[in-house]
Amino acid sequence: MSGKTSEPVQLTPHDVERQSLAKGSAATALLHIERALTGTGDWATAHTHIKQVANGPIDGAPHASLYYGAPAVAFILHAAGTSRDARYQAAARALDKHVTRLAQRRLATATERMRRRLPASFAEFDLFRGLTGIGALLLLRAPGSDLLADVLDYMVRLIKPRRIDGQELPGWWVDHDPDPLIPTPGGHVNLGLAHGAAGPLALLSLAALRGCEVPGQIDALHGLCRWFDRWRQSSAEGSWWPQWLTRDEMRTGSTTQQGPGWPSWCYGAAGIARALQLAALATCDPVHRGIAEKAMAECLTDQQLSKITGPGVCHGMAGVYQTAFRAAGDAANAAIGQRLPALAAALAQRAADGQDDPGGLPDGAAGVGLVLETARHAAPPLSGWDACLLIT
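Conventions adopted
Residues numbered from 1 in each chain as written. Predicted model: local features only at pLDDT ≥ 70, side-chain atom pairs only at ≥ 80, totals over all residues. Heavy atoms only, no water. Helix = DSSP H or I, 4+ residues; strand = E, 2+ residues; numbered from the N terminus. Contact = heavy atoms within 4.5 Å. Areas by Shrake-Rupley, 256 points an atom, 1.4 Å probe, with all protein chains shown as cover. Lys, Arg positive; Asp, Glu negative; His and termini not counted. Charge placed at Lys NZ, Arg CZ, Asp CG, Glu CD. Phe/Tyr/Trp six-rings, centres within 6.5 Å; stacked < 30°, edge-to-face > 60°. Buried < 20%, exposed > 50% of the residue type's maximum accessible area, 1.4 Å probe, protein only. UniProt positions renumbered as here; feature names shortened; annotations may be inferred. 1 Å grid on protein atoms, 1.4 Å probe; cavity = no way out; pocket = protein on both sides within 12 Å on 5 of 7 lines; lining within 4 Å. Expected span 1.5 Å × (residues − 1). Arc of directions from axis to C-beta. Polar contact = N/O pair within 3.5 Å; in protein donor to acceptor, adjacent residues only side chain to side chain.

Caption draft 1: Representation of the overall build of the protein within the structure. A tally of regular secondary structure across the protein gives 18 helices and 6 strands. Seen through its C-alpha atoms, the protein measures out along the principal axes to roughly 55 × 50 × 40 Å. Within the protein, counting contacts between residues at least 6 apart in sequence, those at least 24 apart form 68% of the total. Summed over all atoms, the accessible surface of the protein reaches about 15,200 Å², with 54% contributed by carbon and sulfur. A distance of 4 Å separates the average location of the 36 positive side-chain charges in the protein from that of its 36 negative side-chain charges.

Laid out in structure tokens, this is it:
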């Protein structure tokens, strides 16, 4: 394993693919690591896939993130390092300095953006491409570091409201669309775990639960919980939150979304409820814990799950199962755990129906395979792979 980062070298399409958790070989390697650890696979196969990821130039450029490049490869090697094989740990340590340099650069860019009072972007702060994802990696690799503290401080600053054109908006407001096919003129504010407020909420909460805290962090958690209270909606199907809010919706204080969407990990009630549960645990808040766990249980009904047709982690049943599994492990509300067998059966059925994407963690077969391992063993992943979802 080379563990060698490369910024100036022109990467081939294969080089890009092999170091991507989102689309490429990295997710497949993670699956084989988990299988080797649980005994449903072997380390020879796992090592073959790890070598495919780590051999060759590794992208450490500013666009690298938890799901691509040096941080993604470091995450894979960290997962493999839970074994007794020292070579994985050594290779991960070799990448730490590159991740540190990348994080420092990303923080400097974000601080300058804030100084200029410009809008944020998903690429700056979200889980897939931004500092929330890098923070999740640092929580694993450098939990007591000044660098993690700097990321947490950035998150505290990010969520502070600011005025844009005379309107007070959340600090993670972006001026781009959530999707090219879904225009939001003037920008939007996202609520989900993958790209929105639930991501920083989960990161700040998990850090606090592990004793990593900066000034203002607990107040920020309370403030975000109140913000989610403000936008929580009620229906016969249970509590839910809008996927995002436009300028007009922020101005009127009312969402135009007609009802709950998919109860998914990425945008839906499952991911948001888990983030709120973690915040309640971090702040010792039984009221918000009850709200979060009730919302989680409500989104796991057959009626709600019927909206989910695919097996994947991001939008599909695998993400719902893994999120509910982690929530059940911390829950006072027994209804969440009671739904796990039905969720496992629904996941197995959707996985048997197949999918188009052969690889990748968020939407592909590798992600589904990882969650099937959790369901098969009814135990937390030995590799800790779901840390990249910010649910643990």
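Caption draft 2: View of the packing of aromatic side chains. For the coordinates displayed, the defined rule picks out 9 aromatic pairs. For the ring pair Trp-172 and Trp-227, a centre distance of 5.0 Å and an interplane angle of 75 degrees mean the geometry is edge-to-face. Placement of Trp-172 in the loop between strand S4 (167-169) and strand S5 (188-190) and of Trp-227 in helix H10 (residues 217-231) is noted, with a sequence separation of 55 residues between them. On the accessibility criterion, Trp-172 (3% relative accessible area) is buried. For the ring pair Trp-244 and Tyr-267, a centre distance of 5.9 Å and an interplane angle of 80 degrees mean the geometry is edge-to-face. Of the two residues, Trp-244 sits in strand S6 (residues 244-246) while Tyr-267 sits in the loop between helix H11 (247-252) and helix H12 (269-283), which places them 23 residues apart along the sequence.

Caption draft 3: Representation of the UniProt feature "binding site: Zn(2+)" (unreviewed entry) in the protein. Mapped onto this numbering, the UniProt entry annotates "binding site: Zn(2+)" (unreviewed entry) at Cys-266, Cys-314 and His-315. Despite a sequence span of 50 residues, these residues sit close together in the fold, their greatest C-alpha distance being 6.3 Å. Residues that both appear in the annotated list above and line the largest pocket are Cys-266, Cys-314 and His-315. Topologically, Cys-266 is positioned in the loop between H11 and H12. Filtering out sequence-adjacent residues up to four positions away, Cys-266 remains in contact with Gly-192, Leu-193, Ala-194, Cys-314 and His-315. Its place among the elements puts Cys-314 in the loop between helix H14 (302-305) and helix H15 (317-330). Those residues within four positions of Cys-314 in sequence are excluded, and the remaining contacts are Phe-128, Ser-264, Trp-265, Cys-266, Pro-362 and Asp-363.

Caption draft 4: Seen up close, the environment of Ala-136. Inspection of the secondary structure puts Ala-136 in helix H7 (residues 131-141). For Ala-136, a relative accessible area of 6% puts it in the buried group. When the C-alpha atoms of Ala-136 and Ala-282 are compared, they prove to be 16 Å apart, with 146 residues separating the residues in sequence.

Caption draft 5: A look at helix H3 (residues 43-54). With 12 residues, H3 should reach 16 Å at 1.5 Å per residue; the first-to-last C-alpha distance of 16 Å fits that figure. All buried positions along H3 are accounted for by Ala-46, His-47, His-49, Ile-50, Val-53 and Ala-54. Mapping the buried residues of H3 onto a view down its axis gives an arc of 165 degrees, with all of them on the same face. Where H3 begins, one side-chain oxygen reaches toward the backbone nitrogen of Ala-44, 3.1 Å away; that side chain belongs to Asp-42.

Caption draft 6: How the structure looks around the side chain of Ser-25. Inspection of the secondary structure assignment puts Ser-25 in helix H2 (residues 25-38). Looking at Ser-25, the relative accessible area reads 15%, which means it is buried. Among the polar contacts made by the side chain of Ser-25, one reaches the side chain of Glu-17 at a distance of 3.1 Å. Discounting chain neighbours no more than four positions away, the residues touching Ser-25 are Glu-17, Arg-18, Ser-20 and Val-53.

Caption draft 7: Focus on unusual backbone geometry. The backbone phi angle of Ala-378 is positive, close to 50 degrees, even though this residue is not glycine. By secondary structure assignment, the location of Ala-378 is in the segment after helix H18 (365-377). A positive phi angle is found at Leu-390, which is not glycine, with a value near 60 degrees. Assignment of secondary structure puts Leu-390 in the segment after H18. According to the relative accessible area criterion, Leu-390 is buried, its value standing at 1%.

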